[in-house]
Amino acid sequence: MVMRAAAVPKFGPMVHRLLLTGALITLGSGAMAQHNAPGTLHIAAGVALGAHATTYEQTVQVLGVNVTTRKNDGAATVTMPIEVHYGISRAFSLG
């Protein structure tokens, strides 16, 4: 029995640069997004929805013949985050 994982796509340097740029912009904008007064309490709640497509592929060798099975499926997720932050100083919060 021979089992192989699906091939992982290879990305070029342009995709890596775009991902790095996006990550740096996201981190940079989030670092200065909140200014607190000492003693300030922040409470936030929200809902996030997600839809995911999945593919499972299995190849088995039976009597010298490769038999491949593919299953496509999907999933849905719902997340309800609740956040609490307490302002320690103007530029720093704990939470």
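Located above this text is the structure these notes cover.
These numbers were taken from a predicted model, which means no experiment stands behind them.

Q: In this structure, what is going on with the overall build of the chain? I would like to understand it.
A: Secondary structure assignment for the chain yields one helix and five strands. Buried positions account for 5% of the 95 residues belonging to the chain.

Q: Is there a simple way to explain a nonpolar patch on the surface in this structure?
A: A cluster of nonpolar side chains, namely L41, I43, I82, V84, Y86, I88, F92 and L94, defines an oily patch on the protein surface of about 850 Å² accessible area. In terms of residue count, the dominant contributor to the nonpolar patch is strand β4 (residues 82–89) (four residues). Tracing the sequence through the fold places Y86 in strand β4. Look at Y86 and you get partly exposed, because its relative accessible area is 41%.

Q: Would you mind showing me how to read the pairing of strand β2 (residues 48–62) here?
A: Regular strands place side chains that alternate from one sheet face to the opposite one. Sheet topology places β2 next to strand β3 (residues 65–79); 15 bridges connect them, and they run antiparallel. Each residue of the ladder has a partner; that of Y56, found in β3, is K71. In textbook terms, the turn of a hairpin is the stretch between consecutive antiparallel strands, and for β2 and β3 this stretch comprises two residues, one of which, L63, has a positive phi near 55 degrees.

The rules behind these values
- Residues numbered from 1 in each chain as written.
- Predicted model: local features only at pLDDT ≥ 70, side-chain atom pairs only at ≥ 80, totals over all residues.
- Heavy atoms only, no water.
- Helix = DSSP H or I, 4+ residues; strand = E, 2+ residues; numbered from the N terminus.
- Buried < 20%, exposed > 50% of the residue type's maximum accessible area, 1.4 Å probe, protein only.
- Patch = residues over 30% accessible without salt bridge, like charges linked within 9 Å, V, L, I, M, F, W, Y side chains within 5 Å.
- Areas by Shrake-Rupley, 256 points an atom, 1.4 Å probe, with all protein chains shown as cover.
- Salt bridge = Lys/Arg side-chain N within 4 Å of Asp/Glu carboxyl O.
- Pairing = 2+ DSSP bridges.

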